[in-house]
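Geometric and topological summary
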Amino acid sequence: MRSSVKRPPTPDAEEEEQDREPTLQEIINIKLIESGEKERLKELLRERLVECGWKDEMKALCRAFARKRGRNNVTVDDLVHVITPKGRGSIHS
Amino acid sequence: MAAPNEDNLSSHSQLSSQFFGELLDSIIVDVASECHRIARLGLDRSLDDEEEELRLSAQARARVADPSSSGETTSKYVLDIFGQTHPPVANEIFECMNCGRSIMAGRFAPHLEKCMGKGRKARLKATRSSTAAQNRYSRGNPLSNHSPSSNSNSMSRLSNGTSHVAGYEYSNGTIEEP
């Protein structure tokens, strides 16, 4: 099986390497997750992205890429790399 | 405590944009995963359809360019776009509204010609009943080849100059309409 997803190491290992105490960011992150706020923010962001057509743009990019590569030769990783530059870029305009 | 406040502000915005980036990444992965699934499962019809279209149009072009089989003469056995074959002569049978006989569709036009007027016998048929009408309208002799009397302006002198009754009477077959 192809290893199509290259994931960074899980946060636990990273945390122990860098800091004994969690950074502010991590504290905030944890707090957000715990309170359920992070999930809500994520859904809100998702909704907004759909509304403004961002998701459709990304899907079109993926489709074009899949057409070029051939439908069955595409990996999730490929698609992530296809989308990320344009995806991030078009938001922060 | 002014400085830490400023720091806090910038680090706040830094933190929030960092956090936003994280959220965005997560959503990007979701979208990519969805598209990957669609591509792999062949759910996006347009992906396949385009390839099909390209292939079919190339095929059709090849067939058109091929001069060996033409559709005109051999249309008997060649399929049309719905995959149906048609016989060269239409063979549905129905009743002629003029004479009442049952006619085959493919032979209907020639039959109508004969039946309604182009042929010799039809003209005879027409004039026999129209002479009666003519006699009613004009006392003049309809058998001669005179210039037509003023009764009907659809009558025009035929140039072939036959003394046949039909040549005079019959202009466009509309003298007597069934």
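Preceding this paragraph is the structure being described.
We now turn to the structure provided with this report. Residue positions are counted from 1 within each chain, in the order its sequence is given. The lettering of chains begins at A and the numbering of ligands begins at 1, in the order of writing. The predicted origin of the model limits local features to residues at a pLDDT of at least 70 and limits the giving and counting of side-chain atom pairs to 80 or more, whereas totals for whole chains, interfaces and linings rest on all residues. Hydrogen atoms and water are omitted, and side-chain values are computed over all heavy atoms in the structure.

**Some remarks on the overall build of chain A**
Inclusion rule: Here a strand is any run of E in DSSP of at least two residues, a helix any run of H or I of at least four, and the numbering for each starts at the N terminus. For every residue, the accessible area (1.4 Å probe, protein chains only) is compared with the maximum for its type, and the residue is labelled buried under 20%, exposed over 50%, or partly exposed between those bounds. Only the protein chains shown count as cover for residues, and the accessible areas themselves come from Shrake-Rupley with a 1.4 Å probe.
Check the secondary structure of chain A and you find five helices and zero strands. Taken from N to C terminus, the helices and strands of chain A fall in the order α-α-α-α-α. Scored against the burial criterion, the 93 residues of chain A give a buried share of 22%. With an accessible surface of roughly 7000 Å², chain A has 52% of that area assigned to carbon and sulfur atoms.

**Quick look at the packing of aromatic side chains**
All names here are of chain B. Formally: The rule is short: rings of Phe, Tyr and Trp, with Trp giving its six-membered ring, pair when the centres are within 6.5 Å, and they are stacked under 30 degrees, edge-to-face over 60, tilted in between.
Per the counting criterion, the structure on display carries one aromatic pair over all chains. Seen from their ring centres, Phe 94 and Phe 108 are 4.9 Å apart, and the 65° between their planes marks the pair as edge-to-face. Highlighted residues: Phe 94 in strand β1 (residues 93–95) and Phe 108 in helix α3 (residues 108–117), separated in sequence by 14 residues. Phe 94 gets classed as partly exposed once you look at its relative accessible area, which sits at 29%. Since its relative accessible area comes to 16%, Phe 108 is described here as buried.

**Digging into the interface of chain B and chain A**
Where we set the bar: By definition, residues are in contact when any of their heavy atoms lie within 4.5 Å. Summed over both partners, the accessible area lost on bringing two parts together, with a 1.4 Å probe, is the buried area. When a carboxyl oxygen of Asp or Glu lies within 4 Å of a side-chain nitrogen of Lys or Arg, that pair is called a salt bridge.
Contacts between the two partners involve 30 residues from chain B and, on the opposite side, 33 residues from chain A. Carbon and sulfur atoms make up 68% of the area that chain B and chain A hide from each other, which totals about 3000 Å². Contact with chain A buries area across many residues of chain B, yet Phe 19, Ile 28 and Arg 40 of chain B alone supply 19% of it, more than any other trio. The interface formed by chain B and chain A contains six salt bridges.

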